[in-house]
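Listed here are the chains, written in short residue letters.
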Amino acid sequence: MRAAVIQFPGSNCDRDMAVAMDRVSGHNKPTQLIWHKESTLPDGLDIIAIPGGFSFGDYLRCGAIAARSPIMRSVIDFANKGGFVLGVCNGFQVLTESGLLPGALMRNANLKFICKDAGLRVETSDSVFTSAYKKGAVVNVPVAHHDGNYNADPETLKTLIGDDRIAFRYAENPNGSMDDIAGILSDNRRVLGMMPHPERLNDPQLGGTDGAKLFESIASALVSA
Amino acid sequence: MSNEPEITQELIASHGISPDEYERLLEIIGREPTYTELGIFSAMWNEHCSYKSSKKWLRTLPTEGPQVICGPGENAGIVDIGDGQCIVFKMESHNHPSYIEPYQGAATGVGGILRDVFTMGARPIAAMNSLSFGEFSHRKTKSLINGVVEGVGGYGNCFGVPTVGGEVRFHAAYNNNCLVNAFAAGLADTDKIFYSAASGVGMPVVYLGAKTGRDGVGGATMASAEFDDTIEEKRPTVQVGDPFTEKRLMEATLELMATGAVISIQDMGAAGLTCSAVEMGDKGNLGVKLNLEDVPQREENMTAYEMMLSESQERMLMVLKPELETEARAVFEKWDLDFAIVGETIPEDRFLIVHNGEVKADLPLKALSGTAPEYDRPWVETPAAAPLTDIPSVDAADALHQLLGSANYSSRRWVYEQYDSMVGADTVKRPGSDAGVVRVHGTDKAVAFTSDVTPRYCKANPFEGGKQAVAEAYRNLCATGARGLATTDNMNFGNPEKPEIMGQFVGCIKGIGEAVAALDMPIVSGNVSLYNETDGAGILPTPTIGAVGLLNHIDEMISNVPNDGDTLVLIGKTDGHLGQSALLKELFDREDGDAPHVDLAAERTAGEFVRAAHGQNMITSAHDLSDGGLALAAAEMAMAAGVGVKLNAGDTGWFFGEDQARYLLGTKNADGLIAAAKSAGVPAAAIGTFGGKDIALGDAKLSLSDANEAFENGLPSRVM
C-alpha cells in the first residue's frame, strides 16, 4: 500500500498519521509526506491522508486556506478519479472546504476546545475505511477540536442518510453536530472525513486500539494493491 | 542623536532605574546615555532579566549530577535520558501580563517557554501549566480563569504540543495577582544541542521569524513592578501571540539546525532584540553591531528605542555560517518566514546600534550583562507558626463530600479537556492522575512530568514548604513509576524589598535546595517572578516545582486505577498532621498551625519502595497522599476505578491529616507487600479494601455517585 500524508504549514498530526499508516502498510513502502506547495502527486499512490492540526493557523475559516493550496488541485483530481482520501479533524475541514465532502464544520456548541475520548457508533461497514468494524458497534476514539460541529442543509443530510454515507455518529454528542454526525463518506464512498482521531488510539501503549481497525480496514483493501 | 527625549529624573524613574543604579550607569559609560541606551539598560537591569534580588540565593541551589547535561544559564536545562537522547525543559512565569490581558498573557507565556526549548534544538513533546487564581467571589476570577485556560489551549493546541499536566488553585491572596507558570519539555539528540554563545568575528547576525512591531515595548520593566490603580494603562505592554507562526518557526529552526548553518542561536523573549543580542555576544566574548533599518518591521516609522525594546513574539536571533546562507535562507522561504541579516559579530567589547546611518547606542557589551546590579536584600526569618491546638470535629463523609466539591480539590477536567493532551500520539498517561507520561517517540521509554507546590505550607513555614514542593513532585513521579531526574523552579513571590517577603524567598530556596539534593533531582533551569503584589498586598509564596522523571520501559508505569477487590495498603507514617491542611482551609477557612515537616530520607525510601513493589508485580495501582490526606486520595482512586472503597475507622487526623512521604497502593497480595515493606524499613499497613458502591470512612458513608457528582461539578459550577 502506498500512502501519502499532505503537510500544510500548521499541520500537527502529520507524523502521527504517517506512523499509523506505516503500522499497517508495511515498512518497505513508508508513507510519504507531501508539502502543500507541490503541485503534483507521486505516481502510484493508493491513499492520501489529510492530517489534523491548524493548517494556516485556522485563519479565515478552518481548512479554507489549505483547501486552496497548490497540492489540493491534485488531491481533488486524485479523488475524482476514484482515489481514496482520508481526512481527520482539520483534514475533514479541508475536505469540506475543498468541496470533496458536503457540509461545514462550525465552532463547537460550547465554544470551547474539547479534547477527550468519544464513543463513536459505526454506522456503516460498507466502505474501505470501516470494513473491519461491526456495524452498530460503539468504539472509543478521541476528539480534539474547536470546530467540529457538523452542519449541512436538510437536503444534503437526507442524502447522506439515504445513501448510507454517515460513517460514524457520536454516542454522546460533544460538539453540537447535526444528527450526531462524526464522520461522512463521499458519494463514491472513497473519501472519508471524520473529526475524531483514530491515529491516537491504535496502539495498546496509548491506552486503546479502537482506532486501529480503521487502518486495518484500509490495509486489507489496499495492501495487496 | 536627534529627536530623542531629554534624559530627566522622571524619565529615568519611569524606566525602573533607581538613582543609585543611574549613578552606576554613568560610571560605566562615562557620559549621559541616549534615550535608546537608557532603554537598553532598563531592559537589562530590570528584575525580570537580571535576577538582581534573587541571584545570590539561586546560586546556592544544587544544579549538578551525572544526569545533568546543562544546568541553569542557558535557555533551558538539559537532562540525559540515555541512548544519546536528552530532555530540554524549563518553567517560566507570565503572571503580570496574564492578569492584565488573560488570553494573550497566557498564550505568549506558553509561546515563550516553547521557544526556549526549541531554540536549543529540541522538539517540544510535553507542556504543563501551574495556575493560581483568586477566590470565585472576586469579580475578576471567572474571566481570568476562562481567559487564561483558553489562552494556554489556544496556543499549545495550535502549536501541537500535548499538555499533559499542571495545577490550578484558588486563594484570596491571588485575587489581584494571578499566576501563570508555563512548563515545556523537548526531546533532542545529545550531540545536536544548540547554545547561545556566538563565535567568530565578522559572522552575520540573522533575524528569523515574525516581524517586529511596537507590542510589548517595556514589558519586562512592567513585569518587575507592583500593580496599582493604573493597571489598565499597562494593557499595551502585553504582547500578542501567533501560534501558527511559532509552529512554522519551530519547524524552520529545526530544519535550519539540520543544515549545519547555525553557529549559535537565541530566542527573543523578554526585552527582545536587546537581551538576545547581548546574551550571544556576552557568552561568546564578542561585540555585536546591529543595523536596525534591516530589521523586518510590521509598523511604520519605528524608532531604535522601540525596536530594541519590542517584545513582539515568535522571533529568533542567530549567528550564521556565512557559506551556508543560501541553504539557510531557503529553509525560511519554504516556511514563509522572515530571514534578514541585521548585523555582525565584532571583535571589540561593544554593543553598537545603528539606525539609518546614525549611531543610536554605543555601549560596552560585557558591562550590560556582567555588571547588572546585584542586591543582598535584607530578610527576616519567618516566625515559627504556633502549633494547632483545637481540632474541629467533623463527620468524615460530610467533610470528604465538601472537599470533593470544592474549587480546589474537585476534578480539573474542565481545564484539561480544553487542552490537547494527545497530539503527537505518544501520550501514555493523560492529565488527571499523579503525573503525565509521554513516550519517547519510536522507543519503549517514556518521560513523566509533574508540577507541584503547596503555597499555604510555604507561607506558614517557607523552609518546610520549599522541601514539600520538591517532595510532592518526587512522590508524583514515583507513584507513576518514574525515577526522578531533575527539576525546574518557578519562584513566585511578592515585593523582595520587604524583609519578610525576602525571608519567604530565602526560606523556600533553602528548603528546595535541601530536598533536591536529598532526592537527587537537581535544579537545571528556572525563573523568578517577584513583585506579585497589588497596593502592598502580596501573593502566597509560590515556588512551583516542575519535575521530570524517566521510565526505562513503559511497563514500569504504575496505574492509578485499582481493581475491585484489591486491598488498600498505606505506605508511610501517619501522625495526623492537620496544621495548614486542606480540611481546615476549605471547611473552616482556617490557615493555622505549622506546615507538615518532610522527612526526606523517609520520602526517598518510600518512593523507591513503591517503584520496586511495582517491579515485582506486587501492586495494581498507586496514588500519592497530599492535600486532603488519606480520605481524598482513597476517594480519587475509587472514582478512577468506578468502585467503592472501605477504609478502617479513625479520627479526623487519620482521614484528613497531611503527613508527608505517604502513598496508597492497591494490591492483591497485601501480606507479601507488607512483609516486603517491613524488610525495606518502610511503614506499611492494610487499611481498607476496594469494592461496593460507597466510599466508607469507618462508619461514615458517601455514595460513589454522590462523590462523583460533587467532584465533577466543583469547577464547572463555578467557572461559568
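What counts, and where the lines are drawn
Residues numbered from 1 in each chain as written. Chains lettered and ligands numbered in written order. Predicted model: local features only at pLDDT ≥ 70, side-chain atom pairs only at ≥ 80, totals over all residues. Heavy atoms only, no water. UniProt positions renumbered as here; feature names shortened; annotations may be inferred. Helix = DSSP H or I, 4+ residues; strand = E, 2+ residues; numbered from the N terminus. Rg over C-alpha atoms; globule rule 2.2 N^0.38 Å. Buried < 20%, exposed > 50% of the residue type's maximum accessible area, 1.4 Å probe, protein only. Contact = heavy atoms within 4.5 Å. Phe/Tyr/Trp six-rings, centres within 6.5 Å; stacked < 30°, edge-to-face > 60°. Lys NZ or Arg CZ within 6 Å of the ring centre and 35° of its normal. Salt bridge = Lys/Arg side-chain N within 4 Å of Asp/Glu carboxyl O. Polar contact = N/O pair within 3.5 Å; in protein donor to acceptor, adjacent residues only side chain to side chain. Nonpolar A, V, L, I, M, F, W, Y, C, P; charged D, E, K, R; others polar. pLDDT = per-residue confidence, 0-100. Axes fitted to C-alpha atoms, helices over the stretch in contact; angles between N-to-C directions. Left-handed = near helix turned anticlockwise from the far one by under 90°. Disulfide = S-S within 2.5 Å. Domains from an automatic or database assignment. Pairing = 2+ DSSP bridges. Patch = residues over 30% accessible without salt bridge, like charges linked within 9 Å, V, L, I, M, F, W, Y side chains within 5 Å. Areas by Shrake-Rupley, 256 points an atom, 1.4 Å probe, with all protein chains shown as cover.

Per an unreviewed UniProt entry, chain B is named Phosphoribosylformylglycinamidine synthase subunit PurL, and its organism is Paramylibacter kogurei. For chain B, the Catalytic activity (unreviewed entry) comment in UniProt is given as "N(2)-formyl-N(1)-(5-phospho-beta-D-ribosyl)glycinamide + L-glutamine + ATP + H2O = 2-formamido-N(1)-(5-O-phospho-beta-D-ribosyl)acetamidine + L-glutamate + ADP + phosphate + H(+)". Under the UniProt heading Pathway (unreviewed entry), the entry covering chain B gives this text: "Purine metabolism; IMP biosynthesis via de novo pathway; 5-amino-1-(5-phospho-D-ribosyl)imidazole from N(2)-formyl-N(1)-(5-phospho-D-ribosyl)glycinamide: step 1/2."

Where an unreviewed UniProt entry is consulted, chain A appears under the name Phosphoribosylformylglycinamidine synthase subunit PurQ, with the organism given as Paramylibacter kogurei. Its UniProt record, at the heading Subunit (unreviewed entry), says of chain A: "Part of the FGAM synthase complex composed of 1 PurL, 1 PurQ and 2 PurS subunits."

(A) Structural detail: the overall build of chain B. Of regular secondary structure, chain B possesses 26 helices and 28 strands. Relative to its length of 720 residues, chain B is compact, with a C-alpha radius of gyration of 26 Å against a globular reference of 27 Å. Its C-alpha atoms give chain B principal-axis dimensions of about 85 × 50 × 45 Å. Burial analysis of chain B (720 residues in total) assigns 65% to the buried set. Taking the intrachain contacts of chain B between residues at least 6 apart in sequence as the baseline, contacts between residues at least 24 apart amount to 84%.

(B) A look at the overall build of chain A. A tally of helices and strands in chain A yields 5 helices and 11 strands. Counting only C-alpha atoms, chain A reaches 40 × 35 × 35 Å along its principal axes. Among the 225 residues that make up chain A, the fraction classed as buried is 63%. Long-range pairs, those at least 24 residues apart, make up 73% of the contacts in chain A with a sequence separation of at least 6.

(C) How the structure looks around the packing of aromatic side chains. For the structure on display, the rule yields 16 aromatic pairs over all chains. Put simply, the rings of F56 and Y59 of chain A together with F244 of chain B pair up and form one aromatic cluster. The side chain of K56 of chain B reaches across the aromatic face of W57 of chain B, ending 5.1 Å from its centre. A cation over a ring is seen here: K140 of chain B above Y99 of chain B, with NZ or CZ 4.4 Å from the ring centre.

(D) Main features of the interface of chain A and chain B. Contact residues are listed per partner, giving 28 residues for chain A and 32 residues for chain B. In this assembly, chain A and chain B are joined by 6 salt bridges. A salt bridge links D203 of chain A to R439 of chain B, with the nearest nitrogen and oxygen atoms 2.6 Å apart. Viewed at the interface, chain B and chain A are joined by 19 residue pairs in polar contact (both at pLDDT 80 or more). Counting only elements with at least two residues in the side of chain A that touches chain B, the list comes to α1 (14–25), β6 (114–122) and β7 (138–145) of chain A. Considering each element in turn, the side of chain A that touches chain B owes the most residues, 4 residues, to β6 of chain A. Residue composition of the side of chain A that touches chain B, by class: 14 nonpolar, 5 polar and 9 charged.

(E) Spatial organisation of the confidence of the model for chain B. Averaged over all residues, the pLDDT of chain B equals 95, while 97% of them reach at least 70. At the level of chain-chain contacts, confidence expressed as ipTM amounts to 0.97, with global pTM at 0.96.

(F) How the structure looks around the UniProt feature "active site" (unreviewed entry) in chain A. Residues and elements named next belong to chain A. If you check UniProt for "active site" (unreviewed entry), the listed places come out as C89, H197 and E199 in our numbering. Taking the farthest pair of C-alpha atoms as the criterion, the annotated set spanning 111 residues converges on one region, since that pair is 11.0 Å apart. For C89, the location among the structural elements is in the loop between β4 (84–88) and α3 (90–97). In this view, C89 contacts G52, A144, H145, M194, M195 and H197; residues no more than four positions away in its chain are not counted. Relative to the assigned elements, H197 resides in the loop between β11 (191–194) and α5 (212–222). Non-local contacts of H197, meaning those with residues more than four positions away in its chain, are made with C13, G52, V88, C89, V141, P142 and A144.

(G) Spatial organisation of the packing of helix α8 (residues 141–159) of chain B against helix α10 (residues 243–258) of chain B. Residue and element names in this part refer to chain B. Where α8 meets α10, the axes come as close as 8 Å, and the angle between the chain directions of the two elements is 35°. Between α8 and α10 lies a crossing whose hand is right-handed. Residues G154, Y155, C158 and F159 of α8 pack against P243, F244, E246, K247 and M250 of α10. Taken together, the residues that form the contact of α8 with α10 break down as 6 nonpolar, 1 polar and 2 charged.

(H) Focus on the state of the cysteines. Residue and element names in this part refer to chain A. Evaluated as defined, the whole model comprises 0 disulfides over all chains. In this model C115 remains outside any disulfide bridge; the closest cysteine sulfur is found in C89, 9.8 Å from its own. Taking the relative accessible area as the measure of exposure, C115 reaches 5% and is therefore buried.

(I) Local environment of the domain arrangement of chain B. What the domain assignment reports for chain B is domain 1 (9–52 + 195–371) and domain 2 (566–718). On a C-alpha basis, the centres of domain 1 of chain B and domain 2 of chain B stand 50 Å from each other.

(J) Representation of the UniProt feature "domain: PurM-like N-terminal" (unreviewed entry) in chain B within the structure. All names here are of chain B. In the UniProt entry, the feature "domain: PurM-like N-terminal" (unreviewed entry) is given for residues 73–187 and 432–550. Here residues 73–187 is 37% helix and 37% strand, with 19 Å between the C-alpha atoms at its ends. Taken end to end, residues 432–550 is 38% helix and 34% strand, and its first and last C-alpha atoms sit 19 Å apart.

(K) Up close: the environment of T345 of chain B. All names here are of chain B. Take T345: it is sitting in strand β11 (residues 338–346). Sequence separation between T345 and P204 is 141 residues; the distance between their C-alpha atoms is 6.7 Å. Once you skip the residues sitting within four places of it in the chain, T345 turns out to touch A198, G200, V201, G202, M203, V205, L286, G287 and V319. A distance of 2.9 Å separates a polar side-chain atom of T345 from the backbone nitrogen of M203.

(L) Summary view of the pairing of strand β3 (residues 85–93) of chain B. Residue and element names in this part refer to chain B. Among the 9 residues in β3, 9 count as buried, and that is most of the element. Alternating residues of β3 divide into Q85, I87, F89, M91 and S93 and C86, V88, K90 and E92, and every residue in both groups is buried. Counting the residues between successive antiparallel strands, the hairpin from strand β2 (residues 77–82) to β3 contains 2 residues, one of them, D83, with a positive phi of roughly 55°. Sheet topology note: the β3/strand β6 (residues 179–189) ladder contains 9 bridges and is antiparallel. Within β6, the position partnered with Q85 by the bridge is D189.

(M) Structural context of the sheet that holds strand β17 (residues 483–492) of chain B. Residues and elements named next belong to chain B. Strand order in the open sheet formed by 6 strands is β14-β15-β16-β21-β17-β18, with mixed pairing between adjacent strands. Only two strands of the sheet have a single partner each, and these edge strands are β14 (427–429) and β18 (523–529). Going across the sheet, the axis of each strand differs from the next one's by a mean of 20°, ignoring polarity. Here 9 bridges tie β17 to strand β21 (residues 542–551), and the two strands are oriented antiparallel to one another. From the neighbouring strand, N492 faces β21, where its bridge partner is T542. Relative to the sheet, helix α19 (residues 499–518) contacts β17, β18 and β21, its axis offset from that of β17 by approximately 175°.

(N) Quick peek at a nonpolar patch on the surface. Residue and element names in this part refer to chain A. Together, Y59, L60 and I65 line one region of the surface with nonpolar side chains, adding up to about 310 Å² of accessible area. With respect to the helices and strands, the residue L60 is situated in the loop between β3 (47–50) and α2 (70–80). Owing to a relative accessible area of 71%, L60 belongs among the exposed residues under this scheme.

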